[in-house]
Amino acid sequence: MKKVIVSAPGKLMLFGEHAVVYGRPCLVTAVSQRMRATIDLLDEPVFQLNAPDVHITNYQKAMSQVGKGGIPRGAKFVEIAVANFYSSSEAKRSREVQNDNSSRQARTIKSNQGIKVTTSSEFSSQFGFGSSSAVTVCVLKSLSELLGIHLSNKELFKLAYKTVLDVQKKGSGFDVAAAIYGGTLYFVKAGKIIEPLQINGLPLIVGYSGSKADTVTLMQQVSEKAKKDSKAIENIYSEIGRLVTLAKIALLEKDWETVGELMNKNQEYLNALGVGSPKLNAMIAASLSEGAFGAKLSGAGGGDCMIALCPVKNKQKIAKAIEKAGGEIINVQINAEGVKLET
Ligand code: MEV
C-alpha cells in the first residue's frame, strides 16, 4: 500500500503578534525543528491516527464519519484537515469533470479504502512553535501527494488556513504561511501579503518559559480588552504595525541595534495589551542586563517562548542569564525550509 511522508517547519514570531490578527503586518521565521506526518493508504474504509506528541494513540473511526461527531482535542487539526481536503478535492474533481478534462482528473480514495496518519514532532507542542499549523500543512500536503491531487502553495494555504479557523475560529494564518513557505516572511492576515525576505545571520536566542500559552484564550483576552477601550487598543495595533515596517527595513540592513530597540518597543506594547507574564518579563530583563540588543516574547504571550537578539560575544552570558531567570534555552536555526516531501 502506498505511503507518503511530509515535513514542515515550526515558526517563531519575530514582530507583530496580536496586531496581525487585526490587519497589521507581522514578521515570522521558520525554525529548523520540524513536524512530520506519514500517511498510509489502507484497504479498509477507516481513518486512523497516532499522534503521540498530543497523546493520541490508535484513534480510529469510519472514513464516512471523519470531521463529524466528537473529536478529541489532540486529533482536531488532523481530522478537520482530512475532512476539508476531501470536500475540496471532491469539488475540484467535479469541476474538472464538468470541464470534461478527464485526463487531469485526480485519483480519489475508493470507498473501500482508508488512511492511517502518524505524526511526530522534533519540538514540543508546548513551545508555541506552531505545531497545530505545521501538522495541518503536513497532512494536507501528504494527502495531495498520496492521491495525486496537485495543490499550489496558495491552494494549500487556503485549505490549511480554513482548517485553523474551523478549529480555533480566530487567527491570522502567519504560522500556516511559515510552515508552507519557510524562510522569513513579511505577512498580512489571511495571506493577503506573503513576502519572503532575505535575512541571514540573525543572532537570536530562544528561551522557553516552561509553560504553554493558550493562543485562543489570549486572543480572546485581547479582544475583550479592545471592547472596553477600542481606541487605545487600535492605537497599539497601529503602533505595532509601524514597528513591523521599520523592523523589516532594519532586518534587511542587518542593523541589529535598531532591530533590538524595536523588539523592546514591541514588548512594551505587548505588555500594554496584557499578554506579557512575570516569567517572560524576567527572562527578557535578564537577557537585556547581559547586553542583548533587544528582547520580546514570541507568539501569543502568557507563556511559550521569548527571543533575544544578541551580540555574538555576549551569547553565552545572555543564555546563562535567561536560564538563571528560569528559562530553558531552545537551540534552533531560523530561515528553515518550508513544507517538503520526504519520500
Ligand atoms: C500567536 O502565535 C500569534 C497571534 O498573533 C495569533 C495569530 O496571529 O494567529 C496571537
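Residues numbered from 1 in each chain as written. Predicted model: local features only at pLDDT ≥ 70, side-chain atom pairs only at ≥ 80, totals over all residues. Heavy atoms only, no water.

J.: Pulling in residues and values, what's your account of the sheet that holds strand β8 (residues 204–208)?
T.: Reading across from one edge, β9-β10-β8-β11 is the order of the four strands in this open sheet, with antiparallel pairing throughout. Each having just a single partner strand, β9 (294–298) and β11 (328–330) make up the two edges of the open sheet. Adjacent strand axes in the sheet meet at a mean angle of 30°, parallel and antiparallel pairs treated alike. The strands that helix α8 (residues 278–289) touches are β8, β9 and β10 (305–309); relative to β9, the one it contacts most, it runs at about 160°. (Pairing = 2+ DSSP bridges. Helix = DSSP H or I, 4+ residues; strand = E, 2+ residues; numbered from the N terminus. Axes fitted to C-alpha atoms, helices over the stretch in contact; angles between N-to-C directions. Contact = heavy atoms within 4.5 Å.)

J.: Break down the pattern of salt bridges for me, with residues and values.
T.: Going through the model one piece at a time under the given rule, you end up with 14 salt bridges. The residue K3 makes a salt bridge to D40 at a minimum N-O spacing of 3.6 Å. You can see K3 sitting in strand β1 (residues 3–15) and its partner D40 sitting in strand β2 (residues 26–42), a full 37 residues away along the chain. Judged by relative accessible area, which is 45%, K3 ranks as partly exposed. A relative accessible area of 16% means that D40 is categorised as buried. As a salt-bridge pair, K227 and E224 come within 3.3 Å of each other at their nearest N and O atoms. With a gap of three residues between them, K227 and E224 both fall in helix α5 (residues 215–228), about one helical turn apart. On the accessibility criterion, E224 (33% relative accessible area) is partly exposed. (Salt bridge = Lys/Arg side-chain N within 4 Å of Asp/Glu carboxyl O. Buried < 20%, exposed > 50% of the residue type's maximum accessible area, 1.4 Å probe, protein only.)

J.: Residue-level account of the domain arrangement of the chain, with values.
T.: Here the chain is partitioned into domain 1 (3–197 + 335–341) and domain 2 (204–330). The gap between the C-alpha centroids of domain 1 and domain 2 is 28 Å. Each partner contributes to the interface: domain 1 provides 26 residues, whereas domain 2 provides 36 residues. Summing both sides of the interface, domain 1 and domain 2 together bury roughly 2,700 Å²; the carbon and sulfur share of this comes to 68%. Taken together, the links from domain 1 to domain 2 amount to three salt bridges. In this structure, the salt-bridge partner of K248 is E195, at a minimum N-O distance of 3.0 Å. At the junction of domain 1 and domain 2, the tally comes to ten residue pairs in polar contact (both at pLDDT 80 or more). Elements with a minimum of two residues in the side of domain 1 that touches domain 2: β1, β2 and β7 (193–197). (Domains from an automatic or database assignment. Buried area = accessible area lost by both parts, 1.4 Å probe. Polar contact = N/O pair within 3.5 Å; in protein donor to acceptor, adjacent residues only side chain to side chain.)

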